[in-house]
Amino acid sequence: MSAILPPSEQVWWKTPVGKEEIVWIALALTWCLIMFAMMPIWHVYGKQNLSNEAYKTTPVQYEAKVKAMVEQHTIRTQSVGEMDVPVVAPPAGSDVYILGRLWSWYPMLEFKKGESYRLHLSSLDWQHGFSLQPININLQIVPEYETVITITPDTSGEFTIVCNEYCGILHHTMLGKIYVTE
Ligand SMILES: [Cu+2]
């Protein structure tokens with residue numbers, strides 16, 4: 001019997017399944033369950049896939065929240081090319097905002113080591129990837145949604161945000177910064 005011909009036995013589903021086929025089905029199912037279990041296990045022990053919350057927003061609403069924070073808590077500016085980007089140090093425990101757009105992450109943030117912040121992320125145009133280096137935290141950032149993670153930096157230093165979702169001709173220049181002070 002070949003696959004391109006109709007089955008010789010019309011009621012083929014009553015034919016007993018061969019032993020080898022049962023073994024393969026059992027193996028495939030076992031592997032599926034292992035892969036399925038890896039998702040929660042990796043979430044808890046992998047330290048990369050953070051628990052996040054997501055809320056509906058709009059680019060206009062989100063930009064207004066970012067602006068309000070920048071106006072209140074900017075401590076200095078840093079020049080990047082021809083732009084002066086604000087470096088914002090919001091109080092510990094507060095809601096802090098970064099927006100992604102073509103082609104930058106705005107603004108730069110400064111955190112205190114050991115303190116927690118609720119970090120909000122959204123995009124003003126289209127999809128970007130928030131990748132925090134060198135610690136490798138990855139989140140997809142989409143317009144109309146606000147992704148929120150609780151972040152508690154445990155090392156001080158300078159962390160670079162890279163866009164890891166291809167977003168156009170200057171995608172590779174889409175960088176941001178988070179500073180962590182002692
Ligand atoms: Cu991007």
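Residues numbered from 1 in each chain as written. Predicted model: local features only at pLDDT ≥ 70, side-chain atom pairs only at ≥ 80, totals over all residues.

Asker: Talk me through the domain arrangement of the chain; I want residue IDs and the actual numbers.
Answerer: The figure often quoted for interface size is the accessible area lost as the parts come together. Domain boundaries assigned for the chain yield domain 1 (12-45) and domain 2 (53-181). Using C-alpha coordinates to define each centre, domain 1 is positioned 41 Å away from domain 2. (Domains from an automatic or database assignment.)

Asker: So, the environment of Thr160: which residues are in play, and what are the values?
Answerer: Mapped onto the elements, Thr160 comes out in strand 11 (residues 157-163). A tally of 13 C-beta atoms within 10 Å means that Thr160 is categorised as partly exposed. Not counting chain neighbours up to four residues away, the residues in contact with Thr160 comprise Gln133, Leu175 and Lys177. (Helix = DSSP H or I, 4+ residues; strand = E, 2+ residues; numbered from the N terminus. Buried ≥ 20, exposed ≤ 12 C-beta atoms within 10 Å, placed from the backbone. Contact = placed C-beta atoms within 7 Å.)

Asker: Tell me about helix 1 (residues 19-45), residues and numbers included.
Answerer: Because each turn of an α-helix spans 3.6 residues, side chains separated by three or four positions end up pointing in the same direction. An ideal rise of 1.5 Å per residue puts 39 Å on 27 residues; helix 1 measures up with 38 Å between its terminal C-alpha atoms. The largest bend in helix 1 comes to about 30 degrees, at Met39, with the proline Pro40 one to four residues further on. Burial within helix 1 is sparse, with just 0 of its 27 residues counted as buried. (Expected span 1.5 Å × (residues − 1). Bend = angle between axes of the 7 residues up to and from the residue.)

Asker: Give me the lowdown on the sheet that holds strand 2 (residues 74-80), citing residues and values where you can.
Answerer: One open sheet accounts for 7 strands, arranged 2-3-6-12-11-8-9; its pairing is mixed. Each edge of the open sheet carries a strand with a single partner, namely strand 2 and strand 9 (137-141). With direction set aside, neighbouring strand axes in the sheet form an average angle of 25 degrees. (Pairing = 2+ DSSP bridges. Axes fitted to C-alpha atoms, helices over the stretch in contact; angles between N-to-C directions.)

Asker: I'd love a proper account of the sheet that holds strand 4 (residues 95-101), names of residues and values included.
Answerer: Strand order in the open sheet made by the 5 strands is 1-10-7-4-5, with mixed pairing throughout. Each of the sheet's edge strands pairs with one partner strand only, and the pair in question is strand 1 (53-56) and strand 5 (104-106). Shown here is a sheet whose adjacent strand axes are inclined to one another by a mean of 25 degrees, direction ignored. Two elements, strand 1 and strand 10 (residues 145-151), share 4 bridges in a ladder whose sense is antiparallel. The residue bridging Glu53 from the neighbouring strand is Val148, located in strand 10. Across the face of the sheet, helix 2 (residues 59-73) comes into contact with strand 4, strand 7 (117-123) and strand 10 while running at roughly 125 degrees to strand 4.

Asker: Please set out the environment of Glu182 residue by residue, giving values where relevant.
Answerer: As for its placement among the helices and strands, Glu182 is situated in the segment after strand 12 (175-181). For Glu182, a count of 7 C-beta atoms within 10 Å corresponds to the exposed category.

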